[in-house]
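# Structural description and commentary
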Amino acid sequence: MFFSVFSALLDALLLRAQLDESTFSDESRTFDLPDGLVQFRMNLVELLVDICQLLQPATFVQKLFFSGWFSTNVAIPWKEVEIKLFALNVVSDVVLQGGQTFDFSVVMQLVTVLSSWPSDDLKGFMCIVYRSVADVIGSYSKLISTLETNARPLLLFLAAGISEPLSSNACASALRKLCEDASAVMYEPSNLDIFMWIGEALEKKCLPLEDEEEVVTAISQVLGYVSNKELQNNLLSKLLSSSYDAIGKLVSFFLQYLVYYYGSVLIFPFGVVASSCINWVVQNSSMIHRSKLLALKSLNQEIGCKGANKKSCDFF
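Presented here is a report on the structure given in the accompanying data block. As the structure is a computational prediction, the values presented were derived from the model and not from experiment. (Residues numbered from 1 in each chain as written. Predicted model: local features only at pLDDT ≥ 70, side-chain atom pairs only at ≥ 80, totals over all residues. Heavy atoms only, no water.)

A count of helices and strands for the chain gives 19 helices and 0 strands. Sequence-distant contacts in the chain: of pairs separated by 6 or more residues, those separated by 24 or more amount to 74%. Accessible surface computed for the chain: about 16,200 Å², of which carbon and sulfur atoms make up 55%. (Helix = DSSP H or I, 4+ residues; strand = E, 2+ residues; numbered from the N terminus. Contact = heavy atoms within 4.5 Å. Areas by Shrake-Rupley, 256 points an atom, 1.4 Å probe, with all protein chains shown as cover.)

This is the structure:
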(Lines give C-alpha, C1' and ligand atoms only; values in the text may rest on other atoms or scores of the structure.)
Protein backbone atom coordinates (compact mmCIF):
# COMPACT_ATOMS: atom_id res chain seq x y z
CA MET A 1 0.00 0.00 0.00
CA PHE A 2 2.68 2.49 1.03
CA PHE A 3 4.72 1.59 -2.03
CA SER A 4 1.89 2.49 -4.40
CA VAL A 5 1.20 5.74 -2.52
CA PHE A 6 4.79 6.97 -2.65
CA SER A 7 5.19 5.73 -6.21
CA ALA A 8 2.16 7.76 -7.27
CA LEU A 9 3.45 10.76 -5.29
CA LEU A 10 6.77 10.57 -7.13
CA ASP A 11 5.02 10.50 -10.51
CA ALA A 12 2.88 13.50 -9.56
CA LEU A 13 5.83 15.53 -8.29
CA LEU A 14 7.91 14.86 -11.39
CA LEU A 15 5.02 15.85 -13.63
CA ARG A 16 4.45 19.06 -11.66
CA ALA A 17 8.16 19.95 -11.76
CA GLN A 18 8.39 19.71 -15.55
CA LEU A 19 8.84 22.81 -17.64
CA ASP A 20 5.60 24.21 -19.06
CA GLU A 21 5.01 24.13 -22.80
CA SER A 22 5.27 27.89 -23.39
CA THR A 23 8.71 28.13 -21.79
CA PHE A 24 9.84 24.89 -23.43
CA SER A 25 9.62 26.52 -26.88
CA ASP A 26 12.13 29.26 -26.00
CA GLU A 27 15.21 28.64 -28.20
CA SER A 28 17.54 31.41 -27.06
CA ARG A 29 21.06 30.51 -25.92
CA THR A 30 20.58 32.55 -22.75
CA PHE A 31 17.54 30.53 -21.74
CA ASP A 32 17.32 29.19 -18.21
CA LEU A 33 14.63 27.73 -16.00
CA PRO A 34 12.11 30.23 -14.56
CA ASP A 35 12.91 31.35 -11.01
CA GLY A 36 9.63 29.98 -9.69
CA LEU A 37 10.33 26.52 -11.09
CA VAL A 38 13.88 26.58 -9.75
CA GLN A 39 12.58 27.40 -6.27
CA PHE A 40 9.91 24.70 -6.49
CA ARG A 41 12.53 22.13 -7.41
CA MET A 42 14.78 23.22 -4.56
CA ASN A 43 11.88 22.61 -2.19
CA LEU A 44 11.49 19.13 -3.67
CA VAL A 45 15.03 17.96 -2.98
CA GLU A 46 14.52 16.67 0.57
CA LEU A 47 11.19 15.11 -0.36
CA LEU A 48 12.70 13.25 -3.32
CA VAL A 49 15.51 11.98 -1.09
CA ASP A 50 12.95 10.73 1.45
CA ILE A 51 10.91 8.99 -1.25
CA CYS A 52 14.07 7.39 -2.62
CA GLN A 53 14.89 6.00 0.81
CA LEU A 54 11.34 4.75 1.36
CA LEU A 55 11.04 3.09 -2.04
CA GLN A 56 14.67 1.90 -1.91
CA PRO A 57 17.20 3.34 -4.38
CA ALA A 58 16.96 0.45 -6.85
CA THR A 59 13.19 0.86 -7.19
CA PHE A 60 13.41 4.65 -7.34
CA VAL A 61 15.96 4.59 -10.15
CA GLN A 62 14.02 1.92 -12.01
CA LYS A 63 10.98 4.19 -12.05
CA LEU A 64 13.01 7.00 -13.58
CA PHE A 65 14.41 5.26 -16.64
CA PHE A 66 13.12 2.99 -19.34
CA SER A 67 14.42 2.06 -22.77
CA GLY A 68 11.35 3.42 -24.56
CA TRP A 69 13.00 6.85 -24.67
CA PHE A 70 15.15 5.76 -27.57
CA SER A 71 12.56 4.06 -29.72
CA THR A 72 13.04 4.96 -33.37
CA ASN A 73 9.30 5.45 -33.79
CA VAL A 74 8.77 7.91 -30.95
CA ALA A 75 10.30 11.35 -30.37
CA ILE A 76 12.34 11.56 -27.18
CA PRO A 77 10.22 13.27 -24.47
CA TRP A 78 12.88 15.79 -23.51
CA LYS A 79 10.84 17.48 -20.77
CA GLU A 80 10.41 14.12 -19.05
CA VAL A 81 14.07 13.26 -19.57
CA GLU A 82 15.20 16.54 -18.02
CA ILE A 83 13.12 16.31 -14.85
CA LYS A 84 14.09 12.67 -14.30
CA LEU A 85 17.75 13.58 -14.70
CA PHE A 86 17.18 16.25 -12.05
CA ALA A 87 15.66 13.65 -9.71
CA LEU A 88 18.48 11.18 -10.38
CA ASN A 89 21.01 13.87 -9.60
CA VAL A 90 19.53 14.97 -6.27
CA VAL A 91 19.34 11.40 -4.91
CA SER A 92 22.88 10.47 -6.00
CA ASP A 93 24.24 10.34 -2.44
CA VAL A 94 21.50 7.93 -1.35
CA VAL A 95 22.00 5.71 -4.39
CA LEU A 96 25.78 5.58 -4.04
CA GLN A 97 25.77 5.13 -0.26
CA GLY A 98 23.45 2.18 -0.64
CA GLY A 99 25.89 0.55 -3.02
CA GLN A 100 23.22 0.49 -5.70
CA THR A 101 24.05 0.41 -9.37
CA PHE A 102 21.84 1.00 -12.36
CA ASP A 103 22.06 0.65 -16.08
CA PHE A 104 24.24 3.65 -16.88
CA SER A 105 23.89 2.86 -20.56
CA VAL A 106 20.74 5.01 -20.53
CA VAL A 107 22.86 8.05 -19.66
CA MET A 108 25.48 7.02 -22.22
CA GLN A 109 22.74 6.87 -24.86
CA LEU A 110 21.78 10.43 -23.97
CA VAL A 111 25.44 11.41 -24.30
CA THR A 112 25.55 9.82 -27.75
CA VAL A 113 22.32 11.48 -28.90
CA LEU A 114 23.26 14.96 -27.69
CA SER A 115 26.83 14.67 -29.00
CA SER A 116 25.47 13.91 -32.46
CA TRP A 117 23.50 17.15 -32.60
CA PRO A 118 25.00 20.16 -34.42
CA SER A 119 26.06 22.79 -31.91
CA ASP A 120 23.61 25.28 -33.43
CA ASP A 121 20.73 22.99 -32.48
CA LEU A 122 21.76 22.88 -28.82
CA LYS A 123 19.91 25.97 -27.68
CA GLY A 124 17.09 26.88 -25.38
CA PHE A 125 15.76 23.98 -23.34
CA MET A 126 18.18 21.51 -24.92
CA CYS A 127 21.05 23.36 -23.23
CA ILE A 128 19.33 22.62 -19.92
CA VAL A 129 19.10 18.94 -20.85
CA TYR A 130 22.79 18.97 -21.77
CA ARG A 131 23.62 20.52 -18.40
CA SER A 132 21.47 17.97 -16.58
CA VAL A 133 23.29 15.07 -18.24
CA ALA A 134 26.62 16.61 -17.20
CA ASP A 135 25.34 17.00 -13.63
CA VAL A 136 24.46 13.30 -13.52
CA ILE A 137 27.86 12.31 -14.93
CA GLY A 138 29.57 14.34 -12.22
CA SER A 139 27.34 13.05 -9.43
CA TYR A 140 27.86 9.42 -10.42
CA SER A 141 31.57 9.63 -11.23
CA LYS A 142 32.33 7.04 -8.55
CA LEU A 143 29.86 4.65 -10.18
CA ILE A 144 31.40 5.26 -13.60
CA SER A 145 34.77 4.22 -12.15
CA THR A 146 33.38 0.72 -11.54
CA LEU A 147 32.00 0.30 -15.05
CA GLU A 148 33.77 -0.81 -18.20
CA THR A 149 32.90 2.45 -19.91
CA ASN A 150 34.62 3.97 -22.91
CA ALA A 151 35.63 7.38 -21.58
CA ARG A 152 36.16 8.99 -24.97
CA PRO A 153 32.47 9.79 -25.67
CA LEU A 154 32.15 11.25 -22.15
CA LEU A 155 35.24 13.42 -22.61
CA LEU A 156 34.10 14.72 -25.99
CA PHE A 157 30.62 15.40 -24.60
CA LEU A 158 32.01 17.39 -21.66
CA ALA A 159 34.56 19.20 -23.83
CA ALA A 160 31.80 20.43 -26.13
CA GLY A 161 29.63 21.46 -23.19
CA ILE A 162 32.40 23.53 -21.62
CA SER A 163 32.06 25.92 -24.56
CA GLU A 164 28.39 26.65 -23.84
CA PRO A 165 27.52 29.25 -21.17
CA LEU A 166 24.62 27.27 -19.68
CA SER A 167 26.50 24.00 -19.40
CA SER A 168 30.12 25.09 -18.90
CA ASN A 169 30.08 24.89 -15.10
CA ALA A 170 28.40 21.47 -14.98
CA CYS A 171 30.71 20.05 -17.65
CA ALA A 172 33.88 21.47 -16.10
CA SER A 173 32.90 20.14 -12.68
CA ALA A 174 32.01 16.72 -14.10
CA LEU A 175 35.36 16.55 -15.90
CA ARG A 176 37.23 17.23 -12.67
CA LYS A 177 35.18 14.67 -10.72
CA LEU A 178 35.74 12.01 -13.37
CA CYS A 179 39.49 12.56 -13.21
CA GLU A 180 39.39 12.27 -9.42
CA ASP A 181 37.02 9.32 -9.05
CA ALA A 182 37.25 7.39 -12.31
CA SER A 183 41.00 7.39 -12.77
CA ALA A 184 41.11 3.95 -14.39
CA VAL A 185 38.62 5.16 -17.00
CA MET A 186 40.12 8.60 -17.61
CA TYR A 187 43.85 7.93 -17.67
CA GLU A 188 43.97 5.91 -20.86
CA PRO A 189 46.84 7.08 -23.10
CA SER A 190 44.40 7.39 -25.99
CA ASN A 191 42.52 10.09 -24.04
CA LEU A 192 45.52 12.38 -23.55
CA ASP A 193 44.98 14.11 -26.88
CA ILE A 194 41.47 15.11 -25.81
CA PHE A 195 42.72 16.59 -22.54
CA MET A 196 45.41 18.55 -24.38
CA TRP A 197 42.85 19.76 -26.91
CA ILE A 198 40.65 20.97 -24.05
CA GLY A 199 43.59 22.71 -22.35
CA GLU A 200 44.86 24.42 -25.49
CA ALA A 201 41.35 25.64 -26.32
CA LEU A 202 40.96 27.43 -22.98
CA GLU A 203 42.75 30.51 -24.31
CA LYS A 204 40.01 30.97 -26.90
CA LYS A 205 37.19 30.70 -24.37
CA CYS A 206 35.98 33.29 -21.90
CA LEU A 207 35.13 30.95 -19.06
CA PRO A 208 34.52 32.02 -15.47
CA LEU A 209 37.65 31.52 -13.38
CA GLU A 210 35.91 28.81 -11.34
CA ASP A 211 35.28 26.75 -14.48
CA GLU A 212 38.84 27.22 -15.71
CA GLU A 213 40.15 26.01 -12.36
CA GLU A 214 38.02 22.87 -12.62
CA VAL A 215 39.31 22.12 -16.12
CA VAL A 216 42.96 22.81 -15.34
CA THR A 217 42.74 20.75 -12.16
CA ALA A 218 41.44 17.83 -14.22
CA ILE A 219 44.21 18.20 -16.81
CA SER A 220 46.87 18.53 -14.11
CA GLN A 221 45.66 15.32 -12.48
CA VAL A 222 45.92 13.53 -15.79
CA LEU A 223 49.44 14.84 -16.44
CA GLY A 224 50.48 13.91 -12.92
CA TYR A 225 49.34 10.34 -13.56
CA VAL A 226 51.51 9.91 -16.67
CA SER A 227 54.35 7.60 -15.60
CA ASN A 228 56.57 8.34 -18.59
CA LYS A 229 58.40 11.50 -17.50
CA GLU A 230 59.49 12.39 -21.01
CA LEU A 231 55.90 12.21 -22.25
CA GLN A 232 54.73 14.14 -19.21
CA ASN A 233 57.22 16.93 -19.87
CA ASN A 234 56.30 17.06 -23.56
CA LEU A 235 52.60 17.38 -22.75
CA LEU A 236 53.22 20.09 -20.17
CA SER A 237 55.46 21.95 -22.63
CA LYS A 238 52.74 21.76 -25.24
CA LEU A 239 50.19 23.14 -22.80
CA LEU A 240 52.39 26.08 -21.79
CA SER A 241 54.17 26.71 -25.11
CA SER A 242 52.17 29.79 -26.09
CA SER A 243 53.28 31.56 -22.90
CA TYR A 244 56.95 30.55 -22.88
CA ASP A 245 58.32 34.00 -23.71
CA ALA A 246 56.33 35.75 -20.99
CA ILE A 247 57.11 33.06 -18.42
CA GLY A 248 60.81 33.11 -19.32
CA LYS A 249 61.09 36.87 -18.85
CA LEU A 250 59.35 36.73 -15.49
CA VAL A 251 61.46 33.81 -14.25
CA SER A 252 64.64 35.58 -15.34
CA PHE A 253 63.60 38.74 -13.52
CA PHE A 254 62.80 36.78 -10.35
CA LEU A 255 66.15 34.97 -10.35
CA GLN A 256 67.98 38.26 -10.90
CA TYR A 257 66.11 39.63 -7.91
CA LEU A 258 67.36 36.75 -5.73
CA VAL A 259 70.94 37.19 -6.92
CA TYR A 260 70.82 40.95 -6.33
CA TYR A 261 69.57 40.67 -2.75
CA TYR A 262 71.15 37.39 -1.61
CA GLY A 263 74.16 36.99 -3.87
CA SER A 264 73.08 33.56 -5.10
CA VAL A 265 70.06 31.32 -5.51
CA LEU A 266 72.10 28.30 -4.42
CA ILE A 267 71.63 29.07 -0.73
CA PHE A 268 68.04 27.84 -1.04
CA PRO A 269 66.92 24.27 -1.83
CA PHE A 270 65.88 23.82 -5.46
CA GLY A 271 62.31 22.92 -4.51
CA VAL A 272 61.93 26.18 -2.61
CA VAL A 273 63.32 28.26 -5.47
CA ALA A 274 61.19 26.51 -8.09
CA SER A 275 58.02 26.70 -6.02
CA SER A 276 58.58 30.33 -5.07
CA CYS A 277 59.43 31.26 -8.64
CA ILE A 278 56.17 29.80 -9.89
CA ASN A 279 54.22 31.57 -7.14
CA TRP A 280 55.86 34.87 -8.02
CA VAL A 281 55.13 34.45 -11.73
CA VAL A 282 51.48 33.63 -11.01
CA GLN A 283 51.05 36.65 -8.75
CA ASN A 284 52.81 39.19 -10.96
CA SER A 285 51.91 38.32 -14.53
CA SER A 286 49.32 40.07 -16.62
CA MET A 287 50.80 38.71 -19.86
CA ILE A 288 49.84 35.06 -19.45
CA HIS A 289 46.37 33.66 -19.99
CA ARG A 290 44.60 32.62 -16.79
CA SER A 291 44.52 28.97 -17.81
CA LYS A 292 48.32 28.92 -18.08
CA LEU A 293 48.64 30.53 -14.66
CA LEU A 294 46.31 27.92 -13.22
CA ALA A 295 48.42 25.20 -14.80
CA LEU A 296 51.50 26.70 -13.18
CA LYS A 297 49.74 26.77 -9.82
CA SER A 298 48.83 23.11 -10.20
CA LEU A 299 52.41 22.32 -11.13
CA ASN A 300 53.56 24.22 -8.06
CA GLN A 301 51.43 21.97 -5.87
CA GLU A 302 53.28 19.00 -7.32
CA ILE A 303 56.69 20.61 -6.71
CA GLY A 304 55.76 22.04 -3.31
CA CYS A 305 58.66 22.44 -0.95
CA LYS A 306 59.82 18.84 -1.15
CA GLY A 307 63.06 18.34 0.63
CA ALA A 308 63.06 21.87 1.99
CA ASN A 309 62.96 22.83 5.62
CA LYS A 310 59.95 24.69 6.96
CA LYS A 311 61.89 27.87 7.66
CA SER A 312 62.95 28.18 4.02
CA CYS A 313 59.40 27.59 2.79
CA ASP A 314 57.99 30.13 5.21
CA PHE A 315 60.57 32.67 4.05
CA PHE A 316 59.11 32.60 0.56
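Moving on, there is more to tell.
What follows covers the pattern of salt bridges. All told, the structure shown has 7 salt bridges when counted by the stated rule. A salt bridge links lysine 84 to glutamate 80; its shortest N-O distance comes to 3.1 Å. Of this pair, lysine 84 and glutamate 80 both sit in helix α5 (residues 78–90), 4 residues apart, which is roughly one turn of the helix. Using a relative accessible area of 10% as the deciding quantity, one classes lysine 84 as buried. Judged by relative accessible area, which is 22%, glutamate 80 ranks as partly exposed. A salt bridge links arginine 176 to glutamate 180; the shortest N-O distance between them is 3.0 Å. A residue pair is termed a helical-turn pair when its members lie 3 or 4 positions apart in one helix, as arginine 176 and glutamate 180 do in helix α11 (residues 168–181) at 4 residues. What emerges from the salt-bridge pattern is a single network uniting Arg176, Glu180 and Glu214. (Salt bridge = Lys/Arg side-chain N within 4 Å of Asp/Glu carboxyl O. Buried < 20%, exposed > 50% of the residue type's maximum accessible area, 1.4 Å probe, protein only.)

What follows is about the packing of aromatic side chains. Inspection of the entire model under this criterion finds 2 aromatic pairs. On the basis of an interplanar angle of 85 degrees and a centroid distance of 5.9 Å, the ring pair of tryptophan 78 and tryptophan 117 is categorised as edge-to-face. Residue tryptophan 78 is located in helix α5, and its partner tryptophan 117 is located in the loop between α7 (105–115) and α8 (125–139); the two are separated by 39 residues in the primary sequence. Geometry around phenylalanine 86 places arginine 41 over its ring, the cationic atom sitting 5.2 Å from the centre. (Phe/Tyr/Trp six-rings, centres within 6.5 Å; stacked < 30°, edge-to-face > 60°. Lys NZ or Arg CZ within 6 Å of the ring centre and 35° of its normal.)

So, about the packing of α7 against helix α10 (residues 151–162). α10 packs onto α7 with a crossing angle of 50 degrees between their chain directions and a minimal axis gap of 10 Å. With respect to their mutual orientation, α7 and α10 come out oblique. As for how α7 packs across α10, the hand of that crossing is left-handed. For the pair formed by α7 and α10, the contact residues are Met108, Val111, Leu114 and Ser115 on the first element and Pro153, Leu154 and Phe157 on the second. Of the residues assigned to the contact of α7 with α10, the class counts are 6 nonpolar, 1 polar and no charged. (Axes fitted to C-alpha atoms, helices over the stretch in contact; angles between N-to-C directions. Parallel < 35°, antiparallel > 145°, perpendicular 65-115°, else oblique. Left-handed = near helix turned anticlockwise from the far one by under 90°. Nonpolar A, V, L, I, M, F, W, Y, C, P; charged D, E, K, R; others polar.)

Here the focus is the packing of α7 against α8. At their nearest, the axes of α7 and α8 sit 11 Å apart, and the two run at 140 degrees to each other. Our classification of the angle between α7 and α8 gives oblique. In this structure, α7 crosses over α8, and the sense of that crossing is left-handed. Of α8, the residues touching α7 (which contributes Val107, Leu110, Val111 and Leu114) are Met126, Val129, Tyr130, Val133, Val136 and Ile137.

Positive phi outside glycine occurs at glutamine 56, with the angle close to 85 degrees. Looking at the element boundaries, glutamine 56 is found in the loop between α3 (35–55) and α4 (57–64).

All right, on to α3 then. In an α-helix, one full turn covers 3.6 residues, which means residues spaced three or four apart are oriented alike. Across its 21 residues, α3 extends 30 Å between first and last C-alpha, which sits within 8% of the 30 Å expected from 1.5 Å per residue. Along α3, the sharpest kink reaches roughly 35 degrees, centred on valine 45. Residues Leu37, Arg41, Leu44, Leu48, Val49, Ile51, Cys52 and Leu55 constitute the buried set of α3. Those residues of α3 that are buried lie in contact with α1 (2–16), α4, α5 and α6 (92–97). Of the residues trailing α3, glutamine 56 is marked for its positive phi of about 85 degrees. (Expected span 1.5 Å × (residues − 1). Bend = angle between axes of the 7 residues up to and from the residue.)

No statement about biological role is implied by the geometric values presented.
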